[in-house]
Amino acid sequence: MARRVVITGMGTVNPLACDLASYWDGLIAGRSGIGLIELIDTKDFKVKFGGEVKNWNPEKWFDSKACRRMDRFSQFAMVASLEALKHSGLDISREDPTRIGTIIGSGIGGLNEYEEQHTKFLQGGGPRGVSPFVIPKMMPNAAAGNVSIHFGLAGPSRAVSTACASAGDAIADALRSIRRDDADVFLTGGSEAAITYMGLGGFISARALSSRNDNPPLASRPFDKNRDGFVLSEGAGILVVEELEHAKKRGARIYAELLGAGATSDAYNITAPHPEGAGATRAMQLALKDAGVNPTDIDYINGHGTSTDLGDAAETLAVKKVFGDHARKVAISSTKSMIGHLLGASGGVELIATVMSIANGVAHPTINLDTPDPACDLDYVPKSARKMQIRCALSNSFGFGGHNSSLVVAALK
């Protein structure tokens, strides 16, 4: 009999909140976490706003020495993991550590550390001025490594880096690893901290970002006719995924079952999605097949919904191809309308929103959807949250490089 996988804990750090309860309250209320950037001086930048984790002080959780040895993205992952474990009620001291793994995605890794050390090098420090921690802080697997070491998790530990699909692919890897009996539990999801001079400058040069400096909370407007790009954000979303019988044996609360995953490549363009949504279509189809459910079983989709012209239209077209007539009966919402785009962390933070929607019987809204785009003509739960029974849901994450990741979650039967 196939090993079933469930979600028993969730933790997040994002522009709305640094705890699960406040995050969910913010989503249901339709609050925006977007504001003017304070992390860096934006006077020379066309875009001056983003989704920052506000008032971040990692020393609330770790001593100053530990904090100095972790890039911001690893700090986010550590705190989100602490919360996820606490939320799950999992007592690691009572577990076999070789049966608990860590798979955490990041699209970029330790960009803060790289920029800081490169600046020191150029400003006269030379090779001798480079920190011995630059490599272990900037490597994309630093988040997974730090979490594994801190909690003593000796099961499989690795990173996934597939741009904005990173967290979704990491969670899919955890699902398959538990099915293969490589481990019983994983801390998995994604983390990102790319609001830096190079990060912001790079996305501006790529013409990917909204430039609504006059009103940042209104800038992220997925599926709206007047959208003009995504909002660069940061944070982490970590979930405890666990083999069903293991969770039952310890009396864990089960929030949802992780039923299936699908992944594809557009094989089209390094930054633009396939205009026909070909890769996204196949990713959703594969996820449904893996989950053993039909398109008509899906009540809700947490869309990738970035607020870009090409992306939103391509995703809408892909949903229509996969779901046919049922596409107009499915509720769809974009978490990014409130928190912006967390890049490699987005799939983790958004799957948490999806699971909370199932557990609470509420679909959060897509805010700022004032003028629907004729090319985006589905039900995006505009403006306000909607009470509804969500038995089975899909969460999409699509990234630069043509990476597509879809996950299916459902209420446990």
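What counts as what
Residues numbered from 1 in each chain as written. Predicted model: local features only at pLDDT ≥ 70, side-chain atom pairs only at ≥ 80, totals over all residues. Heavy atoms only, no water. Helix = DSSP H or I, 4+ residues; strand = E, 2+ residues; numbered from the N terminus. Rg over C-alpha atoms; globule rule 2.2 N^0.38 Å. Buried < 20%, exposed > 50% of the residue type's maximum accessible area, 1.4 Å probe, protein only. Contact = heavy atoms within 4.5 Å. Arc of directions from axis to C-beta. 1 Å grid on protein atoms, 1.4 Å probe; cavity = no way out; pocket = protein on both sides within 12 Å on 5 of 7 lines; lining within 4 Å. Points joined across faces, edges and corners; volume = space filled by probe spheres on them. Nonpolar A, V, L, I, M, F, W, Y, C, P; charged D, E, K, R; others polar. Salt bridge = Lys/Arg side-chain N within 4 Å of Asp/Glu carboxyl O. Phe/Tyr/Trp six-rings, centres within 6.5 Å; stacked < 30°, edge-to-face > 60°. Expected span 1.5 Å × (residues − 1). Polar contact = N/O pair within 3.5 Å; in protein donor to acceptor, adjacent residues only side chain to side chain. Core = buried A, V, L, I, M, F, W, Y, C linked by side-chain atoms within 4.5 Å.

Asks: I tried to follow the overall build of the protein chain on my own but got confused; where do I start?
Replies: Summing up its helical and strand segments, the protein chain has 13 helices and 14 strands in all. Relative to a compact globule of 413 residues, whose C-alpha radius of gyration would be 22 Å, the protein chain shows 20 Å and is just as compact. When its C-alpha atoms are laid out on the principal axes, the protein chain stretches across 65 × 55 × 40 Å. Counting all 413 residues of the protein chain, 59% fall into the buried class. Contacts in the protein chain between residues far apart in sequence, at least 24 positions, make up 79% of those at least 6 positions apart.

Asks: Would you mind showing me how to read helix 1 (residues 20–29) here?
Replies: Note that an α-helix has 3.6 residues per turn; residues three or four places apart therefore point the same way. All of the buried residues along helix 1 are L20, Y23, W24, G26 and L27. Buried residues of helix 1 fall within an arc of 160° about the axis and therefore sit on the same side. Close packing links the buried residues of helix 1 with strand 1 (5–13), helix 3 (72–88), helix 12 (336–339), helix 13 (346–360) and strand 11 (362–363). Of the residues flanking the end of helix 1, it is G30, one or two places downstream, whose phi is positive at about 75°.

Asks: Could you clarify how one ought to interpret the layout of surface pockets in this entry?
Replies: Take a probe with the size of a water molecule and roll it over the atoms, and the empty space left behind shows itself. The computed volume of the largest pocket comes to approximately 560 Å³. Lining the largest pocket are 32 residues; nearest its centre among them are T271, P273, T308, G311 and F400. Here the element with the most residues in the lining of the largest pocket is helix 11 (residues 309–323); it accounts for 5 residues. Within the lining of the largest pocket, the residues separate by chemical class into 12 nonpolar, 14 polar and 6 charged. Residue lining of the second largest pocket: 18 residues in total, with R72, N112, E113, E116 and T196 positioned closest to the centre. For the lining of the second largest pocket, the elements supplying multiple residues, two or more each, are helix 3 and helix 4 (111–125). Tallying contributions element by element places helix 4 first for the lining of the second largest pocket, with 4 residues. Grouping the constituent residues of the lining of the second largest pocket by class yields 8 nonpolar, 3 polar and 7 charged.

Asks: Explanation requested: empty space enclosed by the protein in the structure shown.
Replies: In the structure shown here, the tally under the stated rule is 1 cavity of 30 Å³ or more. Empty space within the largest cavity amounts to approximately 50 Å³. Around the largest cavity, the lining residues are F223, I301, G303, E315, T316, V319, I332, L378 and Y380. If you tally residues by element for the lining of the largest cavity, the top one is helix 11, at 3 residues. When its residues are assigned to classes, the lining of the largest cavity shows 6 nonpolar, 2 polar and 1 charged.

Asks: Would you mind going over the pattern of salt bridges with me for this structure?
Replies: Oppositely charged side chains may form a pair once their charged atoms are brought near each other. Applying the stated criterion across every chain, the model contains 27 salt bridges. In this structure, E113 and K137 form a salt bridge, with 2.9 Å as the shortest nitrogen-oxygen distance. Residue E113 is located in helix 4, and its partner K137 is located in helix 5 (residues 134–138); the two are separated by 24 residues in the primary sequence. For the pair shown, E113 and K137 are each scored as buried. Here R221 makes a salt bridge to D370, at a shortest N to O gap of 2.7 Å. Here R221 is found in the loop between helix 8 (197–205) and strand 7 (235–243), whereas its partner D370 is found in the loop between strand 11 and strand 12 (386–387), with 149 residues between them in sequence. Taking the relative accessible area as the measure of exposure, R221 reaches 5% and is therefore buried.

Asks: Before we go on, may I ask you to explain the packing of aromatic side chains in this structure?
Replies: Within a pair of aromatic rings, the relevant descriptors are the distance that separates the centres and the angle that separates the planes. If you walk through the whole model with that rule in mind, you get 6 aromatic pairs. Both rings, one in F203 and one in F230, keep their centres 5.5 Å apart while their planes meet at 75°; by these two values the pair is edge-to-face. Taken together, the residues span a long stretch of sequence, with F203 in helix 8 and F230 in the loop between helix 8 and strand 7 at a distance of 27 residues. Judged on exposure class, the residue F203 and its partner F230 are both buried.

Asks: In this structure, what is going on with helix 3? I would like to understand it.
Replies: Helix length check: helix 3, at 17 residues, gives a terminal C-alpha distance of 24 Å against a target of 24 Å (1.5 Å per residue), a fit within 8%. Judged by how many residues are buried, helix 3 sits mostly within the fold: 14 of 17 residues are covered. Just past helix 3, the residue G89 takes up positive phi, approximately 75°.

Asks: When you look at the side chain of S88 in this model, what are you seeing that I'm missing?
Replies: Tracing the backbone shows S88 in helix 3. On the basis of relative accessible area, S88 is assigned to the buried category, the value being 5%. Within the structure, the side chain of S88 is placed 2.7 Å from the backbone oxygen of L85, a separation counted as a polar contact. For S88, the contacting residues outside a window of four places in its chain are T8, G9, V240, R250 and A252.

Asks: I would appreciate a short explanation of the nonpolar core in the present structure.
Replies: In globular proteins that are soluble, nonpolar side chains generally tend to be buried together. Core analysis: the largest hydrophobic core is formed by 45 residues, its most contacted members being I7, M10, Y23, L239, V241 and L351. Per-element accounting of this core gives the leading share, 7 residues, to helix 13. Residues in contact with V241, not counting those within four places in the same chain, are V5, V6, I7, A174, I178, D184, V185, F186, T188 and L258. Grouped together as the second largest cluster of nonpolar side chains are 30 residues, C67, L85, I238 and V240 included.

This is a description of form; function is not addressed.
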